[in-house]
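Given next are the chains, with one letter for each unit.
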Amino acid sequence: MTHRTTPPPRICPDCDGFASVAVTLGGRDARGHLRTITAHCATCNGTGLVRTRRVLEGARA
C-alpha cells in the first residue's frame, strides 16, 4: 500500500521564495560597517511560502 504524500509547499508568487533581503543604505558607520536594513515580503510575512487553499467537494452551502 502506498503512503499519501503531503503536497509540496507553494512558493510565494510575489517574492519567488526569497522572502527576506538585506538592503544597503549606502555609506558606512563610524566603525566601518555597512549600514543595512532587512526587508520582508508583505504577502508571505518573510516565510517564502503561502498557504494552499483546500477546496472540499460539496462544501458549498
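The residue numbers shown here count from 1 along each chain, following its written sequence. Totals for whole chains, interfaces and linings use every residue, but because this is a predicted model, local features are given only for residues with pLDDT of at least 70 and side-chain atom pairs only at 80 or more, for both listing and counting. Think of the side-chain values as coming from all heavy atoms in the structure, minus any hydrogens and water.

### Quick notes on the pairing of strand β3 (residues 34-40)
Link 1 in the chain: In the sheet, strand β2 (residues 20-28) pairs with β3 via 6 bridges, with the strands oriented antiparallel. Along β3, the bridge assignment pairs Val21 with Ala39.
Link 2 in the chain: The turn joining β2 and β3, which pair antiparallel and follow one another in sequence, is formed by 5 residues; a positive phi near 95° is taken by Gly32. Strands qualify as paired when DSSP identifies two bridges or more between them. What counts as a helix is a DSSP run of H or I of at least four residues, what counts as a strand is a run of E of at least two, and both are numbered from the N terminus.

### Section: the confidence of the model for the protein
Any segment with low pLDDT has predicted coordinates that should not be analysed in fine detail.
Link 1 in the chain: Each residue carries a pLDDT score, the predictor's confidence in it, ranging from 0 to 100. The predicted model of the protein has a mean per-residue pLDDT of 82, with 80% of residues at 70 or higher.
Link 2 in the chain: Predicted confidence in the protein is weakest over strand β4 (residues 49-50), with a mean pLDDT of 86, and strongest over β3, with 93.

### Examining the nonpolar core
Link 1 in the chain: Judged by nonpolar contacts, Cys12, Cys15, Ala19, Cys41, Cys44 and Val50 together constitute the single largest core of 6 residues.
Link 2 in the chain: Here, residues are in contact when the closest pair of their heavy atoms is within 4.5 Å. In this structure, Cys41 is in contact with Cys12, Asp14, Cys15, Ala19 and Gly46, ignoring residues within four places of it in sequence. Among buried residues, the Ala, Val, Leu, Ile, Met, Phe, Trp, Tyr and Cys ones that are joined through side-chain atoms within 4.5 Å form a nonpolar core. Buried residues are those whose accessible area, probed at 1.4 Å on protein chains only, stays under 20% of the maximum for their type, while exposed residues exceed 50% and partly exposed ones sit between those limits.

### Description of the environment of Thr47
Link 1 in the chain: The residue Thr47 is located in the loop between β3 and β4 in this model.
Link 2 in the chain: Along the backbone, Thr47 and Cys12 are 35 residues apart, and their C-alpha atoms lie at a distance of 8.6 Å.
Link 3 in the chain: Reaching out from Thr47, the side chain makes a polar contact with the backbone oxygen of Cys44 at a distance of 3.0 Å.
Link 4 in the chain: Whenever a nitrogen or oxygen atom comes within 3.5 Å of another N or O atom, the pair is scored as a polar contact, on the condition that within protein one atom can donate a hydrogen and the other can accept it, and that pairs from neighbouring residues in sequence are kept only if both atoms are in side chains. Reaching out from Thr47, the side chain makes a polar contact with the backbone oxygen of Leu49 at a distance of 3.1 Å.

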